[in-house]
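Architecture at a glance
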Amino acid sequence: MSSQLPTQKLSKIDRISQDEAIEKIEETIDSPTEQDIDLEFLYTRDIEFRQETIYFIVVDRFCDGDPDNNEGPNPELYDPEKQDWGKYWGGDLQGVIDKLDYLKNLGVTALWLTPLFEQVEGLFFESAAVHGYWTKDFKRINPRFIGVDENPSLNQTQDTKDTIFDRLIEELDKRGMKLILDIVCNHSSPDVAGEKGALYDDGVKIADFHEDANHWYHHYGEVTDWEDEWQVQNCELAGLASFNENNTEYRTYIKSAIKQWIDRGVDALRIDTVKHMPIWFWQEFIADITTYRPDIFILGEWIYSSPDDGLSVEFTNNSGMSILDFGLCIAIRRALGNCEEDGFYLIKDILDKDHYYDSATELITFIDNHDMHRFQTLNSDPGYLHMAVALIMTSRGIPCLYYGTEQYLHDDTNGDHNPYGNNDPYNRPMMEKWDKDSPLYREIRLLSGVRRLNPAASMGGQWQKYITPDIYCYTRRYRDSRVFVAMNRGEDVVLEAVETGLPDGEHTDVMSPNKYEVVDGHIHNLQLDSKQIIVLSHVGERLKAQTIVRVQLNGVQTLPGESIVIIGDCPELGNWDIGKAYPLEYINSNTWFAEIPFNESAGKLINYKYTMLREGQSPLRENLVSRRWVIASEGIVKWRDRWAPGRES
């Protein structure tokens, strides 16, 4: 949708190794062909998502743009009064289209929609598949979300592309917005009306849990021990028919289904319940999908992931996808939702472990979602909600807002009587207001602008400057860009001096008309009122080039005074002259990062390696011949490398 690159041609290329691709390009370097362009595109790897602001929508509960489709295939599952929380309430894709300008103005750049697949039409424990995670046919769209006269088959509408889904893609593209499709590969449906796991391939039944001659499903019963990794990956989750990932027919089906959605313009995938399938499956799945469409971003849901959970960290670093950052979410909810005594130290403890991850800056940050109490159910004081939102909008990671947060949407129905509080389904009320003058709406709009305009907010490191249980000050920095943030959950206070990292001079607060004077990098006598948030943004010179390579290096241990540079056989990397090498920036003790402008070498094959510079010692070069890459002729490319332990010069 948002990419002009030749994605259709890529689907015809067999997966090949990097060296094989290089050999093919070298063979025809003097007579480029269409095939060479395809191979070059493989080297874009994936799309850059760190500057996005994600907005997560439960489609049925957002906006009813087409009342004619409300009853769907089974009218008994629709509640026009919107009182039965387990039934459909009428939200659809036309409703999303109708509110795109509202979302664009909010600063949203990417929409995550709950699954759009055709669902089973029945009740399971008094609930219909309102959420979209009980799929009947992965190659058809839920008829409740499209026009009553539209064909739900993706295959049969592939050439015409005339469904409301295609119009959504078109309208998003006009506004420069991206679409994240929510998918689930772990399971299909529970036992509904005596039928469990009935699965269809564009309307043709291909599997059934109760008549599973071809072994499409696991049959081990439900998980009884959540500490048993084998059970978590092979047994059922809440009675849902669990797919057998060892079945090659299943793997072929699910990949082909998702590719049909990608062909229609999806920019990114959010994958449900990733901890319930083995990592080898995800590695195969991600490799296949990203070979088919290299410029696609993928994030997964490992429920209650944490830097202290070794399995979730291993998954994040080795699966090929990012994940939702439950660790930071829970810390924010404890510090600002429950107002626990340790306060901001709870958040610091999580961020101090960012080095466990190879790509902490690509973790998806959030404060609530469709599976937990809304933040305001924990704490109804809007001041705490404003601080929580400001934290995810200005901290490392990619922020994701749950629909309606900007309008203080929450519903405490049954909250006082349910031991689980206002959880599913009461955290999924119908969107009610679209007020562009809402204070939080305005703040999100401003902070999203900071993320897009200031690379320190999206790609930089995070440096704590002042902390108590009630006060948190930190600086994001990248190259010569800075974002300084201060917030106070306690009583009014005056701080004698706070280091900011900002250049000296007057800086205007993004959140208010207030101006602050920075002297010798510090703000002196900084007054922080109760629940006040200050955001100061300084944007340095932005990098411009025909091709920009965003380099990330992991696994190198450096000491104070040591730095990392990259050298190579091209002018941009110094032509192997270490004195002209390109410097990387320290993000955390596991990650170095840089943006490198390529003009003269764009479109060419280059060799490169990393080197550690050490004060008073010889440089430490990587112990390998070299790394090889074909620089795309234009656009943004991402390198993700791991340090090869070096030898002294």
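Within an unreviewed UniProt entry, the label attached to the chain reads Alpha-amylase, and the organism entered is Lyngbya aestuarii BL J. The Catalytic activity (unreviewed entry) comment attached to the chain in UniProt states, word for word, "Endohydrolysis of (1->4)-alpha-D-glucosidic linkages in polysaccharides containing three or more (1->4)-alpha-linked D-glucose units." According to UniProt, the comment filed for the chain under the heading Sequence similarities (unreviewed entry) is "Belongs to the glycosyl hydrolase 13 family."

1. Focus on the pairing of strand β28 (residues 605-613)
When you tally the buried positions in β28, you get 7 out of 9 residues, the bulk of the element. As paired strands, strand β24 (residues 563-568) and β28 are joined by 6 bridges and run antiparallel to one another. Within the sheet, the bridge partner assigned to V565 lies in β28 and is T611. Across 4 bridges, β28 lies against strand β30 (residues 627-630) in antiparallel orientation. Its bridge partner being in β30, Y608 is matched across the sheet by R627. Relative to strand β29 (residues 620-621), β28 runs antiparallel, the two sharing 2 bridges. Looking at β29, one finds that M612 is bridged to L620. Connecting β28 to the next strand, β29, in antiparallel fashion are 6 residues, including G616 with a positive phi near 75°.

2. With respect to the packing of aromatic side chains
The final tally for this structure, using the stated rule, is 40 aromatic pairs. A ring pair is formed by F56 and W112, whose centres lie 3.7 Å apart and whose planes are at 15°; its orientation type is stacked. Placement of the pair is F56 in strand β1 (residues 54-57) and W112 in strand β2 (residues 110-113), with a sequence separation of 56 residues. For the pair shown, F56 and W112 are each scored as buried. Considering the side-chain rings of F281 and W282, the 4.9 Å spacing of their centres and the 75° angle between planes classify their relative orientation as edge-to-face. Of the two residues, F281 and W282, neither departs from the other in class, the shared state being buried.

3. As for the side chain of D92
Within the element layout of this structure, D92 appears in the loop between β1 and α4 (93-98). Notably, D92 is buried but unbridged: the nearest opposite-charge side chain belongs to K82, and the N-O separation is 10 Å. A polar side-chain atom of D92 sits 3.3 Å from a polar atom in the side chain of N69. A distance of 2.8 Å separates a polar side-chain atom of D92 from the backbone nitrogen of G95.

4. Focus: the sheet that holds strand β13 (residues 364-365)
Taken in spatial order, the 8 strands of this open sheet run β12-β11-β10-β5-β2-β1-β14-β13, and their pairing is parallel. Of all the strands in the sheet, just β12 (322-323) and β13 have a single pairing partner and so form its edges. In the sheet, β13 pairs with strand β14 (residues 398-402) via 2 bridges, with the strands oriented parallel. From the neighbouring strand, T365 faces β14, where its bridge partner is P399. Against the sheet, helix α14 (residues 382-394) engages β13 and β14, with an angle of about 145° to β14.

5. Some words on the confidence of the model for the chain
Scored by pLDDT, the chain comes out at a mean of 91, with 91% of its residues at no less than 70. When the criterion is pLDDT under 50, residues 1-22 qualifies, and its contacts beyond four places in sequence or with other chains add up to 52 contacts.

6. Some remarks on a positive patch on the surface
On the surface, K104, K436, R445 and R452 cluster together into a positively charged patch. Within the secondary structure, R445 is located in helix α15 (residues 439-453).

7. Let's talk about the environment of R542
Locating R542 in the fold gives a position in the loop between β22 (533-538) and β23 (547-554). Here R542 falls in the partly exposed class, since its relative accessible area comes to 33%. Spatially, the C-alpha atom of R542 lies 27 Å from that of V498, the residues being 44 residues apart in sequence. Discounting chain neighbours no more than four positions away, the residues touching R542 are Q51, R452, L453 and P455. Side-chain polar atoms of R542 contact the backbone oxygen of L453, separated by 3.1 Å.

8. Details of the side chain of Q462
Along the chain, the position of Q462 falls in strand β15 (residues 461-467). For Q462, a relative accessible area of 19% puts it in the buried group. A distance of 3.5 Å separates a polar atom in the side chain of Q462 from a polar atom in the side chain of S395. Only 2.9 Å separates the side chain of Q462 from the backbone nitrogen of R396, close enough to count as a polar contact. In this structure, Q462 is in contact with L351, T394, S395, R396, Y472, Y474, T475 and R476, ignoring residues within four places of it in sequence.

9. Quick word on helix α9 (residues 279-292)
Under the 1.5 Å per step criterion, the end-to-end length of α9 is 20 Å for 14 residues, consistent within 8% with the ideal 20 Å. Within the span of α9, buried status applies to F281, W282, F285, I286, A287, I289, T291 and Y292.

10. A short note on the pattern of salt bridges
A full pass over the atoms with the stated rule returns 40 salt bridges. Between E236 and K196 there is a salt bridge, and its shortest N-O distance comes to 2.9 Å. Residue E236 is found in the loop between α7 (229-234) and α8 (248-263), and its partner K196 is found in strand β7 (residues 195-196); the two are separated by 40 residues along the sequence. In the salt-bridge network here, residues are joined through shared partners; they are E48, R50, E362, R550, E595, K638 and R640.

11. Brief notes about the domain arrangement of the chain
Annotation of the chain at the domain level lists domain 1 (459-538) and domain 2 (547-642). Taken together, the contact pairs 6 residues of domain 1 with 8 residues of domain 2. Summed over both sides, the interface of domain 1 with domain 2 buries roughly 640 Å², with 55% coming from carbon and sulfur. Contact with domain 2 buries surface across domain 1, with M459, Y478 and R479 losing the most and accounting together for 71% of the total. Our enumeration of links across domain 1 and domain 2 arrives at 0 salt bridges. One can count 3 residue pairs in polar contact (both at pLDDT 80 or more) joining domain 1 with domain 2. Residue classes in the side of domain 1 that touches domain 2 are distributed as 3 nonpolar, 2 polar and 1 charged.

The rules behind these values
Residues numbered from 1 in each chain as written. Predicted model: local features only at pLDDT ≥ 70, side-chain atom pairs only at ≥ 80, totals over all residues. Heavy atoms only, no water. UniProt positions renumbered as here; feature names shortened; annotations may be inferred. Buried < 20%, exposed > 50% of the residue type's maximum accessible area, 1.4 Å probe, protein only. Helix = DSSP H or I, 4+ residues; strand = E, 2+ residues; numbered from the N terminus. Pairing = 2+ DSSP bridges. Phe/Tyr/Trp six-rings, centres within 6.5 Å; stacked < 30°, edge-to-face > 60°. Lys, Arg positive; Asp, Glu negative; His and termini not counted. Salt bridge = Lys/Arg side-chain N within 4 Å of Asp/Glu carboxyl O. Polar contact = N/O pair within 3.5 Å; in protein donor to acceptor, adjacent residues only side chain to side chain. Contact = heavy atoms within 4.5 Å. Axes fitted to C-alpha atoms, helices over the stretch in contact; angles between N-to-C directions. pLDDT = per-residue confidence, 0-100. Patch = residues over 30% accessible without salt bridge, like charges linked within 9 Å, V, L, I, M, F, W, Y side chains within 5 Å. Areas by Shrake-Rupley, 256 points an atom, 1.4 Å probe, with all protein chains shown as cover. Charge placed at Lys NZ, Arg CZ, Asp CG, Glu CD. Expected span 1.5 Å × (residues − 1). Domains from an automatic or database assignment. Buried area = accessible area lost by both parts, 1.4 Å probe. Nonpolar A, V, L, I, M, F, W, Y, C, P; charged D, E, K, R; others polar.

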